[in-house]
Structures are given as C-alpha cells and as structure tokens.
Amino acid sequence: MLQSEALQHLESKIAACTKCHELTQYREGCGYKTVPGAGNPNARIFFIGEAPGKNEAEQGFPFVGRAGNLLTNIIQAIGLTREEVFIANILKCRPPENRDPLPEESKNCQPYLALQIKVINPEWIVCLGRYAARFMLEKDPETPMRSMRGLHEKDGRKIICTYHPSYLLHNPSQKAEVVKDLEPLISVLRTERNGVQ
Ligand code: URA
C-alpha cells in the first residue's frame, strides 16, 4: 500500500473512532471534525502538537489558528513549507474548552500517531510541548518540559523537544529558546542547501 493510501485508511478509522466517550460526545454535539494530521506522506520532518483547538476541529486541519500561524512561521524560518513536512497531534479530537488531554485519552489515541510515524518514517520528529515530548521519549505524565528540551535519538530518528507555539504566544521571549532547540535541524538543512557534506 502507498504511504498516502495507508494514511487515508487511517484517517477514516480516526473519523469513526469513539474510544473516548466525552470527546466523541463533544465532537458530535458541536459538529466538530476529527483532525488526523496533514502534510507530505513522505515527509522527512514530522511535527507533533497536543490537540486540536476550535478552529482545527471546525476545519479538520491541524494548527490553523493563532498557534498555527506561529508554527507556519517557525517552519518557514527553518527554510521549509508546511507542504513539505507532516503535522499531527497527540489527540485527534478537540478536548472541551481546550483542557489538557487526559492520560486515558492520550493512551486511546496513541496507536494512531504511532502508525502515522511508522508509515511516514520521518528522519526528524519535532515535539511541540510536553505532551508530545512525553509520548516520544516515553516519560511519565508529570515530566517537566525543561528536562526534555533539545535533541534526542530514538529508533534511528532524531527527536527535538521544544516549546509549544501556544506557550510562545504567551511567552514571546522564549522564541529564541526554540531556535536554540531547533539548531541541530537548522544546521543539517543549511549544510544540505549549501551542498556541503
Ligand atoms: N494546538 C495544537 O497542539 N494542535 C493544533 O492542531 C492546534 C493548536
């Protein structure tokens, strides 16, 4: 099966998912869509956020609100476009009032993200915020963001953990820290662009 077909198959499974009772009721009651993720099925770089907000659940696309604009700027600043990367979330449904994902919900939804990563097989994964970082680094639910930031390696992939764009909207002074966290990726892309091995 082609990567794009495998992802489409997964999208229909996500759209029909009713594993989380509260999230399903909320989704159906508000007429919200599931937000499986979007981007290049062959992406080298995979961004993982937390959960869809209102705009995302209305449109069925990840990161389309204010935090999304900031993420688009970050992606462009490292010399890429949203079409070149893949973007998904830990949860595929919007939690009521944008509350944090519950451990049970993250657990229910994780197989979808794990399969997306397997199918796309990216070289780099950028974890935006603590929920994505804890998932990728297999950390306890209380692990603080500061202890996970920066570059890691797992299963032959490079994983960068950095702040979530929503956090940056409230703490713009931390943008420079995100640039620091992303530096290993920025440096590889710069070297490739310059044709230096
Ligand atoms: N925040 C997220 O983590 N994901 C989105 O899709 C939008 C906002």
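Refer to the structure presented above.
Residues numbered from 1 in each chain as written. Predicted model: local features only at pLDDT ≥ 70, side-chain atom pairs only at ≥ 80, totals over all residues. Heavy atoms only, no water.

Peer 1: Just to check I follow, could you spell out the packing of aromatic side chains for this structure?
Peer 2: Aromatic ring pairs are defined here through the distance separating the ring centres and the angle between the ring planes. Across all of its chains, the model carries three aromatic pairs by this definition. Both rings, one in F46 and one in F86, keep their centres 5.2 Å apart while their planes meet at 50 degrees; by these two values the pair is tilted. Here the residue F46 occupies a position in strand β2 (residues 45-49), and F86 occupies one in strand β3 (residues 86-89), the gap between them amounting to 40 residues. Take F46 and F86: they sit in the same class, and that class is buried. Taking the ring centre of Y131 as reference, the NZ or CZ of R134 above it sits at 5.4 Å. Sitting over the ring of W124, K158 keeps its end group 5.9 Å from the ring centre. (Phe/Tyr/Trp six-rings, centres within 6.5 Å; stacked < 30°, edge-to-face > 60°. Helix = DSSP H or I, 4+ residues; strand = E, 2+ residues; numbered from the N terminus. Buried < 20%, exposed > 50% of the residue type's maximum accessible area, 1.4 Å probe, protein only. Lys NZ or Arg CZ within 6 Å of the ring centre and 35° of its normal.)

Peer 1: Would you explain the pairing of strand β5 (residues 150-154) in this entry?
Peer 2: Every regular strand shows the same layout, with side chains that alternate between the two sheet faces. Bridging between β5 and strand β6 (residues 157-162) involves five bridges; their strand directions are antiparallel. By the bridge assignment for β6, L151 is matched with I160. Counted along the chain from β5 to the antiparallel partner β6, the turn is two residues long, and its residue D155 has a positive phi close to 50 degrees. (Pairing = 2+ DSSP bridges.)

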